[in-house]
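Residues per chain are reported as follows:
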Amino acid sequence: MISARTAGLMLLVAAASLCMGPAGSSADDFVDQRQKMVALQIGDRGISDASVLKAMATVPRHLFVAPELRDLAYRDAPLPIGHGQTISQPYIVALMSQLLAVQPGQRVLEIGTGSGYQAAVLAEMGVHVFTIEIVPELGRQAIDVLDALDYQNIRVKIGDGYKGWPEHAPFDAIIVTCAPTRIPKPLTEQLAEGGRMVIPSGEKYDQQLLLLTKQAGKIEREKVVDVRFVPMVDEQGKTY
Ligand code: SAH
């Protein structure tokens, strides 16, 4: 007969080994790298929004890149995601997320789904994300990763994000992760009153990250920092 005490201990050990995973290792081998990324690349550089820091400490960035690039996923750099596109440097993702100043439950439009990583970070912050990607293969790949991670509050559309997503407008915030030479009018129109848009804009190699705010129907703009994003293109590949 097993004593009640032994049975209790066995249960405890079973529960602990469930938490630890089969080999006694953590379920996600990248936890340490991710925490270091948040501390050194993001917190130490002045990003202080707790919801951004928590989201970036949670989202498994390595699952948004090809298996052979996973070991590089937490570096202080952008990475290729195929089709000539890139997943942004972690710091830029954090900076843009903080600039949006969103509250849980709000609606955010993203133009340029790419890998889906930025969308996942926003979803972790508790907002409803509507994201548009023009390269069908990238859009489908992002849908697969986001579904596998069970993000329920992200909707991905394949199409030209220049036009926005009028069926779901207005948006409390809009984040654009590809650079047009000029601000797309449909996007400013779909921004809610009091809403914020973060968008890189300018010519190739000479772009600035802008923060636009809509007050009494008027758009105010503020320059944040010089950046280099891939261009926003139309369905023929022509830069906007
Ligand atoms: N936010 C992404 C990074 C995106 S890179 C991430 O977290 O991984 C920029 C993306 O914008 C590319 O995937 C590119 O195909 C897309 N893009 C370029 N022009 C676009 C347009 N007009 N509409 C929607 N997506 C566009």
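Starting from 1, residues in each chain are numbered consecutively following that chain's sequence as written. The predicted nature of this model means local features are confined to residues of pLDDT at least 70 and side-chain atom pairs, given and counted, to a pLDDT of 80 or more, with totals for whole chains, interfaces and linings taken over all residues. Side-chain figures throughout are based on the complete set of non-hydrogen atoms in the structure, without hydrogens or water.

(A) Layout of the nonpolar core. If you look at the biggest cluster of nonpolar residues, it comprises 50 residues, and the most contacted ones within it are Met56, Phe64, Leu100, Val108, Tyr117, Val121 and Leu122. Looking at this core, the elements that each hand over two or more residues are helix 2 (31–43), helix 3 (50–58), strand 1 (79–82), helix 4 (90–100), helix 5 (117–124), helix 6 (136–148), strand 6 (171–176) and strand 8 (206–215). Considering every element that reaches this core, the biggest residue donor is helix 4, with eight residues. The term nonpolar core refers to a set of buried residues drawn from Ala, Val, Leu, Ile, Met, Phe, Trp, Tyr and Cys, joined through side-chain atoms within 4.5 Å. Exposure classes here rest on a 1.4 Å probe applied to the protein chains alone. A residue is buried below 20% of its type maximum, exposed above 50%, and partly exposed in between. Counting 16 residues, the second largest nonpolar core, distinct from the first, contains Leu109, Ile132, Trp165 and Cys178. Only runs of H or I of at least four residues qualify as helices and only runs of E of at least two qualify as strands under DSSP, and these elements are numbered from the N terminus.

(B) The arrangement of the site of the ligand in detail. Surrounding the ligand, one finds 26 residues, the nearest of these being Ser115, Glu133, Asp160, Gly161 and Val233. A 3.5 Å cut-off defines polar contacts: any pair of N or O atoms within that distance qualifies, except that in protein one atom must be a possible hydrogen donor and the other a possible acceptor, and neighbouring residues in sequence count only when both atoms are side-chain atoms. Ile134 is positioned such that a nitrogen or oxygen atom in its backbone is 3.3 Å from a nitrogen atom of the ligand. Separating a nitrogen atom of the ligand from a backbone N or O atom of Val233 is a distance of 2.7 Å. To be clear on the numbers: accessible area is Shrake-Rupley with a 1.4 Å probe, and residue cover counts the displayed protein chains and nothing else. Out of a free accessible area of 580 Å², the ligand has 98% covered by protein chains. For the shell around the ligand, the element with the most residues is strand 2 (residues 85–87), which contributes three residues. Grouping the amino acids of the shell around the ligand by side-chain chemistry returns 12 nonpolar, 11 polar and three charged. It suffices for a single heavy atom of a residue to lie within 4 Å of a molecule or strand for the residue to be listed as near it. Residue classes follow a fixed rule: Ala, Val, Leu, Ile, Met, Phe, Trp, Tyr, Cys and Pro count as nonpolar, while Asp, Glu, Lys and Arg count as charged, and any other residue, Gly among them, counts as polar.

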